[in-house]
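Residue-level structure breakdown
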Amino acid sequence: MARQKRTPEEHSIDPAAQQMLIRADQLGIGTAFTRADNMVPCNIGSAGMCCKICGMGPCRLTKEGETGVCGATIDTIQARNLIRAISAGAAAHSDHGRDMAFTLKAVANDEAEGYVIRDVAKLRTIAKLYDIPIEGRSPKEIANDLADLYITQFGQQKGEVALVKRAPAKRQKIWKENGVTPRGIDREVVEALHRTHIGDDQDPEHILQHAVRTALGDGWGGSLLATDVSDILFGTPAPILGQANLGVLKENMVNVVVHGHEPTLSEMIVAASQTPEIIEYAKAAGADGVNLSGICCTANEILMRQGIPAAGNFLQQELAILTGAVEAMVVDVQCIMQALVGLAANFHTKVITTSPKVKIKGSTHIEFDEHKALTIAKDILRVAIDNFKNRGETKIPDVREDLIPGFSHEYINYMLGGSYRASFRPLNDAIMSGRIRGVAAIVGCNNPRSQHDYLHTYVTRELLKKDILIVETGCGAIASAKLGLLLGEAGLDQVGSGLREVCETVGIPPVLHMGSCVDNTRILTVLTQIVEEGGLGDDIDQVPAVGLAPEWMSEKALSIGTYCVASGAYVIFGGSSPVSGMPDRVSDSDIVAHLISAGWEEKYGGKMEFIADPNEMIAKTLEHIDKKRAALGLPEWHAEKYGRSGDARMLELEELPFAERRQAIYGVAAD
Ligand code: SF4
Ligand code: MSK
């Protein structure tokens, strides 16, 4: 039975998306939104109760006490399904990290055309963490050693992944005690697949213990090193002006949209698009130049560093093509819908795949190779420019919003204290006093099963009112950008008075864009630095902080959630639970949900829950933050306690006669 069809307004809260959905309807073209309406999810599979790992199945368990042909129980099947999803997510992130490490190696050996080491300071800081000698050595010599160390982490068989030592000392001890410190990034993923083959690990708790180890190899391994190397090669982000939404596409220019995850190709396309030969080539084709924009996390990578606009988040990849104004959508890896190719056939858009790992039937494949990166990037742009003449009718929504992205943990540290006393002290103090009640990381994807961008922005807005500082990554950050929440002054009138004072004093937006999906590791680093600064406990699980992925859909989100939980965070997912089990579950099918919440909380201090109702997400976030504040002995948060300083107070004082103002500010009576 098909679900009831939703209207464009019910599909998305974004006016640009709504306009494109109306256009799709007029043209009779389907999108993920309409396919989601037509495709009713299987209620057995979505609850984690279907096993198809061997040829005796698939076994669908629908009754309490039922088992698969091999005797597998529902909790075993759910745990196996969950660890397989987490492992796929960890593999995706970490393979991205591996490619970054190989690129660093090639750059260090002068084998990567067009790339340079942009952030030598970060290279030296990171190398020092692993005792790689830096004094008297060239950046390339240091980079060569760091690349070798990072490449080794993937195939390492014994010991500990080297990056794990960047976690708080107490946390490392917890991992050791629970036997979850990752040995090698690839090893944990392979072992997860081995353990879940028919007839292997069948104790759900034991399976989930390895899920934690695999995810930690992602968060404190593959993803963390991906972020390190991206910063070293392309620059550590700092605030920069950008724009977001489909209105960044330009009528008079060749529009090239880069989509996927890795910055290696997109950064080179940015460089190629600015060369005189490409600009001339575009002009000869009748355009004013090449206009680049991004979708998904590739967008975040080049937005954070270069201010290149984001055309949209995950659910806007098809909508960008529906404008009719995109000459080429250039994709690398992850979150690329197969439907793009069929959709593009209605327009002139070329879908260009570039990764040796990703081909889509019907697309154009121009394989990327970091050794000839600039040449390939120019070739890709020429294909797009040649396609400009084929453009038909266009409809670009006149909807875009400014934003300030670029809040790397290095920049947050700097902005809080300046060059001479960079420190997390002011942030810790603001949390301790209650000006900032706590921190929420709102991250992750879009999912057409819910209203596009609604959960992200509703939860963000409501938490801001309660003095919660928000950090964001991934498609969630693009959702907030489109709503104007990533601008200095914009929306501060809707922010709690204590948080507002901090934002005004430091000069930051109340929502900090910290990057792409792999950059969730920046959030782990911030939490570690908060702990190391002192005053908020001696481990991440004591910090009044919560992670939320309200519109999650990818397996990577599950890996991120798991490594955050194992790092001590309370993580709330929206949407449906992949381990929900039977409706009104009471016994068997409750076990895995219990293990990943109360079970993991007992071991790691963090827990994972799936909560569909946004108001419940908000209530649980605040309840958790207040519980952590109380445990630290911090004062109870009061909405009205602050708000008598900052810009608001200054404006108030400006109204007063000089003598009274002097008295109010300095406590000195007029002469
Ligand atoms: Fe069925 Fe067991 Fe095979 Fe899974 S492993 S498909 S439960 S027989
Ligand atoms: S792109 S993983 S939809 S955040 Fe990183 Fe967005 Fe989720 Fe893909």
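We now turn to the structure provided with this report. (Residues numbered from 1 in each chain as written. Chains lettered and ligands numbered in written order. Predicted model: local features only at pLDDT ≥ 70, side-chain atom pairs only at ≥ 80, totals over all residues. Heavy atoms only, no water.)

1. A short note on the side chain of T457
- Structurally, T457 can be placed in helix α18 (residues 454-465).
- What makes T457 buried here is its relative accessible area of 2%.
- Ignoring any residue separated from it by four or fewer positions in sequence, one finds T457 in contact with I13, A479, S480 and L483. (Helix = DSSP H or I, 4+ residues; strand = E, 2+ residues; numbered from the N terminus. Buried < 20%, exposed > 50% of the residue type's maximum accessible area, 1.4 Å probe, protein only. Contact = heavy atoms within 4.5 Å.)

2. Quick look at the packing of aromatic side chains
- Evaluated as defined, the whole model comprises 9 aromatic pairs.
- A ring pair is formed by Y130 and Y150, whose centres lie 5.7 Å apart and whose planes are at 80°; its orientation type is edge-to-face. You can see Y130 sitting in the loop between α5 (120-129) and α6 (139-155) and its partner Y150 sitting in helix α6, a full 20 residues away along the chain.
- For Y150, a relative accessible area of 0% corresponds to the buried category.
- Both rings, one in F573 and one in F610, keep their centres 4.9 Å apart while their planes meet at 20°; by these two values the pair is stacked. One end of the pair, F573, is in strand β15 (residues 570-573); the other, F610, is in strand β16 (residues 607-610), with 37 residues separating them in the sequence. Side by side, F573 and F610 carry an identical accessibility label, which is buried.
- Between K607 and the ring centre of Y570, over which it is positioned, the NZ or CZ distance is 4.6 Å. (Phe/Tyr/Trp six-rings, centres within 6.5 Å; stacked < 30°, edge-to-face > 60°. Lys NZ or Arg CZ within 6 Å of the ring centre and 35° of its normal.)

3. Thoughts on the site of ligand 1
- C51, C54, C59, C70 and I198 are the nearest of the 13 residues found near ligand 1.
- Considering only residue class, the shell around ligand 1 consists of 10 nonpolar, 2 polar and 1 charged.
- If you count residues domain by domain, the shell around ligand 1 takes at least three from each of domain 1 (8-60) and domain 2 (74-234). (Near = heavy atom within 4 Å. Nonpolar A, V, L, I, M, F, W, Y, C, P; charged D, E, K, R; others polar. Domains from an automatic or database assignment.)

4. Some remarks on the sheet that holds β15
- Taken in spatial order, the 6 strands make up an open sheet running β13-β12-β11-β14-β15-β16, and their pairing is parallel. Since the sheet does not close on itself, it has two edges, and those belong to β13 (511-513) and β16, each with one partner. For this sheet the average axis-to-axis angle between neighbouring strands, irrespective of direction, equals 20°.
- Pairing between strand β14 (residues 545-549) and β15: 4 bridges, direction parallel. Residue pairing across strands places V546 opposite Y570, the latter belonging to β15. (Pairing = 2+ DSSP bridges. Axes fitted to C-alpha atoms, helices over the stretch in contact; angles between N-to-C directions.)

5. Description of the side chain of N428
- Structurally, N428 is set in helix α17 (residues 425-433).
- Residue classification places N428 among the buried positions, given a relative accessible area of 0%.
- Side-chain polar atoms of N428 contact the backbone oxygen of I530, separated by 2.9 Å.
- If sequence neighbours within four positions are ignored, N428 has contacts with I530, E533, G534 and L536. (Polar contact = N/O pair within 3.5 Å; in protein donor to acceptor, adjacent residues only side chain to side chain.)

6. Details of the pairing of β14
- The element β14 is largely enclosed, with a buried count of 5 among its 5 residues.
- Burial of β14 is two-sided: the residues A545, G547 and A549 facing one way and the residues V546 and L548 facing the other way are all buried.
- Taken together, the 4 bridges between strand β11 (residues 438-442) and β14 define a ladder with parallel strand orientation. Bridge pairing in β14 places A440 opposite V546.
- Running through helix α22 (residues 555-566), the crossover from β14 to the neighbouring parallel element β15 is right-handed. (Right-handed = clockwise from strand over helix to strand, strands pointing away.)

7. Quick word on the pairing of β16
- On β16, burial covers both faces: K607 and E609 on one face and M608 and F610 on the other are all buried.
- One ladder, built from 4 bridges, connects β15 with β16; its direction is parallel. Opposite F573, over in β16, you have F610 as the bridge partner.

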